[in-house]
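# Geometric and topological summary
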Amino acid sequence: MAYFTKNRLFTEGFFSFLFLFGFSFSLLFLSACGGKKNDRGDTVVVRINDDPEKLNPLTTENAQSTIILNQMFCTLLNYDAKTLELNPFLAESLPTISNIDTGKYKGGVAYSFIIRPEAVWDNGSPVTGNDVVFTVKAILNKLSGANNLLSGIDFIRDIQVDAANLKKFTVISGKKYILAESKIGTLPIIPAYAYDETHLMGGFSIPELVKLSTDTSKILPSPLTLFAQNFQNPKFSNDKSAISGCGAYALEEKETGQRVVLTRKKNWWGEKLTTVNPRFQAKPVRILFKIVKDEAATLALLKNDEIDIAAKINPRTFSTLKTNDTLTKNYNFFTAPTLGLVQLGMNCKSEKLSDSRVRRALAYCTNPTTYIKALMNGYATLSPNPFVAQRKYYDVNITPFTNNILEAKKLLADAGWRDTNGDSTVDKKINGKSTELVLRFTFAAQNAVAKNIGLMLKESAKQAGIDVELFAVESKVLLERFAKRDYDIFVSNTTFEPSSDDPKELWASSSNTPSGGNRYQFENKTADALIDSIRSELNAEKRDVLYKKFQELINKEAPAVFLFSPQERLVIHKRLKNAQSVVIFPGFEVNTLSE
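Reference entry: report on the structure contained in this document. For every chain, the first residue of its written sequence is number 1, and the numbers climb from 1 along that sequence. Since the coordinates come from a predicted model, pLDDT governs what is reported: local features require at least 70, and pairs of side-chain atoms require 80 or more to be given and counted, while whole-chain, interface and lining totals use all residues. Here the side-chain values reflect all heavy atoms present in the structure, with hydrogen atoms and water set aside.

### What to know about the overall build of the protein chain
- Helix and strand definitions here come from DSSP, where helices need a minimum of 4 consecutive H or I residues and strands a minimum of 2 consecutive E residues; each element is numbered from the N-terminal end. The number of helices and strands found in the protein chain is 20 helices and 20 strands.
- Each radius of gyration reported is based on C-alpha atoms, and the globular scaling rule is 2.2 Å times the count of residues to the power 0.38. Against the 2.2 N^0.38 benchmark of 25 Å for 595 residues, the protein chain shows a C-alpha radius of gyration of 25 Å, consistent with a compact globule.
- Along the first, second and third principal axes, the C-alpha set of the protein chain runs to 80 × 65 × 45 Å.
- For the protein chain, with 595 residues in total, the buried portion stands at 55%.
- Computed with a 1.4 Å probe, the accessible areas rest on the Shrake-Rupley method; for each residue, only the protein chains presented here act as cover. When the accessible surface of the protein chain is summed, it comes to about 25,700 Å², and 50% of that surface belongs to carbon and sulfur atoms.
- Of the side-chain charges in the protein chain, 74 are positive and 64 negative, and the distance between the mean point of each set is 1 Å. Accessibility here uses a 1.4 Å probe with only protein chains present; expressed as a share of the type maximum, an area under 20% marks a residue as buried, one over 50% as exposed, and anything in between as partly exposed. Positive residues here are Lys and Arg, negative ones are Asp and Glu, while His and the chain termini are left out of the count. Charged side chains are reduced to one point each, which is NZ for Lys, CZ for Arg, CG for Asp and CD for Glu.

Structure representation (structure tokens):
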């Protein structure tokens with residue numbers, strides 16, 4: 001966890017066809033399907049639109065998996081869905097934070113936690129600080145596949161567990177870091193007894209693993225290699241007898257491409273704490289996550305009253321469904337802002353896009369306002385910055401790029417791109433070879449919004465002399481191309497955490513690795529310096545100034561065009577009481593819902 005103008009005739013013609021086809025199909029479809037009374041009882045059925053490939057909380061990179069894992073595993077802290085503030089969950093309280101003024105870790109910060117006395121694992125043993133130590137060790141083992149979490153805890157130098165009370169422990173940060181509390185607090189904690197039965201990680205300390213995780217020249221000792229192999233065994237992603245958390249639900253069934261079923265644990269330790277934190281609520285007896293990628297099939301399930309929750313409905317379809325009497329009788333329709341940004345990313349290491357003037361020229365071929373109206377049916381807001389508008393440091397003075405073909409042509413000419421052969425595409429000599437400005441737009445085949453953004457961009461860019469070629473690939477192939485940086489431009493929908501932003505994960509030069517988040521290949525010394533300053537500045541007012549400087553730099557360099565922030569489009573059955581939408585992904589809290 002989180003996913004563009006063209007000429008007026010093409011926009012209206014194409015999307016009129018799309019709208020009429022979709023509208024007519026939806027009405028025909030809905031009138032043709034017959035409803036039936038639901039008999040789900042204590043089971044809540046949630047439609048998810050992709051297969052949750054891994055149910056390993058440390059290695060998954062799949063958004064649908066996290067929806068499920070959140071019901072099975074606990075974190076020390078969690079974000080309140082309404083206030084977006086950190087609350088104690090597995091921990092009794094927020095950590096005690098103190099500066100370290102002496103000793104080996106002088107200049108660092110100590111975060112002291114106490115785990116709730118009630119917290120136990122499925123085998124009845126208590127959840128302790130040693131489990132937190134094991135979890136961090138597993139992440140620090142650079143072969144374990146937890147790369148998505150590894151970069152986020154690079155500040156941890158040690159964890160000290162109180163020998164007199166194993167539920168008390170202190171995390172030592174080697175430096176001041178703005179997100180240390182949230183990064184520690186939101187790690188899913190896993191038990192060593194289930195994930196390391198032979199104690200392979202037991203012989204290594206966190207300081208040793210920190211050193212090994214950053215040293216690329218050393219081959220890891222064989223116990224670490226063997227643990228990593230075991231940890232990535234498919235059983236920890238699919239087998240209900242192997243997957244073990246201390247959350248309210250356990251895996252009952254996982255059928256690839258079909259369903260994932262969770263069952264509420266009997267006598268769960270958190271059931272008496274429901275008034276302390278909504279995350280302790282576990283109202284459904286069973287939660288059935290039904291995998292339905294096809295929207296027509298989702299409509300059939302809604303019409304037949306076979307599912308309770310469906311999110312990310314196609315915008316135009318969502319508007320149509322809201323007018324259907326049968327559906328409005330059974331379902332509530334919700335929209336809510338999200339912590340997401342849809343953006344047009346550019347490969348800054350591509351020889352054709354290495355010049356910021358070319359990137360800005362392409363930006364002037366977009367029109368986010370048109371995309372919101374034509375693609376999102378109005379269910380989105382303009383958001384031209386690399387941070388979401390909910391941030392208090394969001395720079396309101398930065399305006400969205402708008403369609404300006406003349407400006408695009410001027411920027412291209414300034415960068416040396418001109419049509420010298422009369423084929424309507426600008427060209428330039430690069431390394432002595434005449435090169436046409438042809439850009440590969442790579443997107444997931446099932447992502448209709450990305451495809452239509454590409455079609456609109458292609459038509460608009462053509463007027464500026466840029467040839468955009470569309471390449472549709474399967475999601476798995478797209479991830480492989482991301483790792484290889486094999487593309488020129490792409491569309492992504494990034495979902496942000498409720499915490500303040502750490503730009504390192506997406507924008508730092510050090511994050512431009514196959515597993516890193518810098519898919520733009522944006523390497524800029526000024527940006528790196530700003531990122532380092534932001535990460536260590538604990539004074540909010542001073543940090544906000546740095547955030548704004550960073551936004552101005554990204555706007556100037558244009559490694560991406562930030563198009564809009566989508567609204568969640570959510571359908572929840574009226575049989576579920578107190579249903580509401582929330583800003584935090586996935587837009588609903590399934591554990592709080594029941595008849």
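Now that the structure has been shown, the text picks up again.
### Here we look at the nonpolar core
- Here, nonpolar core means buried Ala, Val, Leu, Ile, Met, Phe, Trp, Tyr and Cys residues that are tied together by side-chain atoms lying within 4.5 Å of each other. Leu76, Leu90 and Ile309 are the most contacted members of the largest nonpolar core, which has 118 residues in total.
- Once residues within four sequence positions are removed from consideration, Ile309 is found in contact with Val44, Val45, Val46, Arg47, Leu570, Val571, Ile572, Leu576, Phe588, Val590 and Leu593.
- Core analysis: the second largest hydrophobic core is formed by 41 residues, Phe401, Leu437, Ile453 and Val561 among them. Between two residues, a contact is recorded if the distance between any of their heavy atoms is within 4.5 Å.

### Here's the deal with the pattern of salt bridges
- Salt bridge criterion: a side-chain nitrogen from Lys or Arg within 4 Å of a carboxyl oxygen from Asp or Glu. Enumeration according to the criterion identifies 21 salt bridges in this entry.
- Glu568 is paired through a salt bridge with Lys312; the nearest N and O atoms lie 3.6 Å apart. One end of the pair, Glu568, is in strand β20 (residues 560-573); the other, Lys312, is in the loop between β11 (309-311) and α11 (315-321), and 256 residues separate them in sequence.
- Glu568 sits in the buried class, given a relative accessible area of 4%.
- The class of Lys312 is partly exposed, set by a relative accessible area of 34%.
- For Arg357, the salt bridge is made with Asp355, and the minimal N-O distance between the two is 2.8 Å.

### Things to note about the packing of aromatic side chains
- A pair of aromatic rings is counted whenever rings of Phe, Tyr or Trp (Trp by its six-membered ring) have centres within 6.5 Å, and the orientation is called stacked for planes under 30 degrees apart, edge-to-face for over 60 and tilted otherwise. Applying the stated criterion across every chain, the model contains 27 aromatic pairs.
- Ring geometry for Phe482 against Tyr487: centres 5.5 Å apart, planes inclined by 85 degrees, an arrangement best described as edge-to-face. Accessibility assignment for this pair places Phe482 and Tyr487 in one class, buried.
- Grouping aromatic residues by their ring pairs yields a cluster made of Phe387, Tyr393, Phe482, Tyr487, Phe490, Trp507, Tyr520, Phe522, Tyr547, Phe550 and Phe562.

### Details of the sheet that holds strand β6 (residues 156-161)
- In this description, strands pair whenever DSSP reports at least two bridges between them. Pairing is antiparallel across the open sheet formed by four strands, whose spatial order is β4-β5-β7-β6. In the strand order of this sheet, the two ends are held by β4 (96-99) and β6, each with one partner. Here the average twist between neighbouring strands, direction ignored, is 20 degrees.
- Sheet topology note: the β6/strand β7 (residues 168-173) ladder contains five bridges and is antiparallel. Each residue of the ladder has a partner; that of Gln160, found in β7, is Thr170.
- Lying over the sheet, helix α3 (residues 129-140) contacts β6 and β7, oriented at roughly 155 degrees with respect to β6. To define axes, lines are fitted to C-alpha atoms, for helices over the stretch in contact only, and angles between the resulting N-to-C directions are given on a 0 to 180 degree scale.

### Considerations on the packing of helix α13 (residues 356-363) against helix α15 (residues 405-414)
- Direction vectors running N to C along α13 and α15 enclose 165 degrees, while the axes themselves pass 8 Å from each other. As judged from the angle between their axes, α13 and α15 are roughly antiparallel. Both α13 and α15 take part in a crossing whose hand is left-handed. The residues of α15 that touch α13, namely those facing Arg357, Val358, Arg360 and Ala361, are Ala408, Leu411, Leu412 and Asp414.
- For this classification, Asp, Glu, Lys and Arg are treated as charged, while Ala, Val, Leu, Ile, Met, Phe, Trp, Tyr, Cys and Pro are nonpolar and the rest, including Gly, are polar. Class assignment for the residues of the contact of α13 with α15 results in five nonpolar, no polar and three charged. Roughly parallel refers to an angle under 35 degrees, roughly antiparallel to one over 145, roughly perpendicular to one between 65 and 115, and oblique to any angle outside these ranges. Each crossing gets its handedness from the near helix: less than a right angle anticlockwise from the far helix is left-handed, clockwise is right-handed.

### Description of the layout of surface pockets
- Put plainly, a pocket is an open set of points on a 1 Å grid over the protein atoms alone with protein on both sides within 12 Å along at least five of seven lines, a cavity is a set where a 1.4 Å probe fits but cannot get out, and a lining residue has an atom within 4 Å of a point. Grid points are joined across faces, edges and corners, and a volume is the space filled by probe spheres set on the points. Of the voids in this model, the second largest pocket is the one considered here, and its volume is about 620 Å³.
- Lining the second largest pocket are 27 residues, and of these Ile178, Leu179, Ser499, Ser500 and Arg543 lie nearest its centre.
- Partitioned by chemical class, the residues of the lining of the second largest pocket number 16 nonpolar, five polar and six charged.

### Considering empty space enclosed by the protein
- Each pocket or cavity is described by its volume, and for the largest cavity that value is around 90 Å³.
- Around the largest cavity, the lining residues are Arg47, Ile48, Asn49, Gln64, Ile67, Ala311, Lys312, Glu568, Phe585, Pro586 and Phe588.
- Elements supplying a minimum of two residues to the lining of the largest cavity: β1 (43-48) and α2 (63-69).
- Among the residues making up the lining of the largest cavity, the classes are represented as six nonpolar, two polar and three charged.

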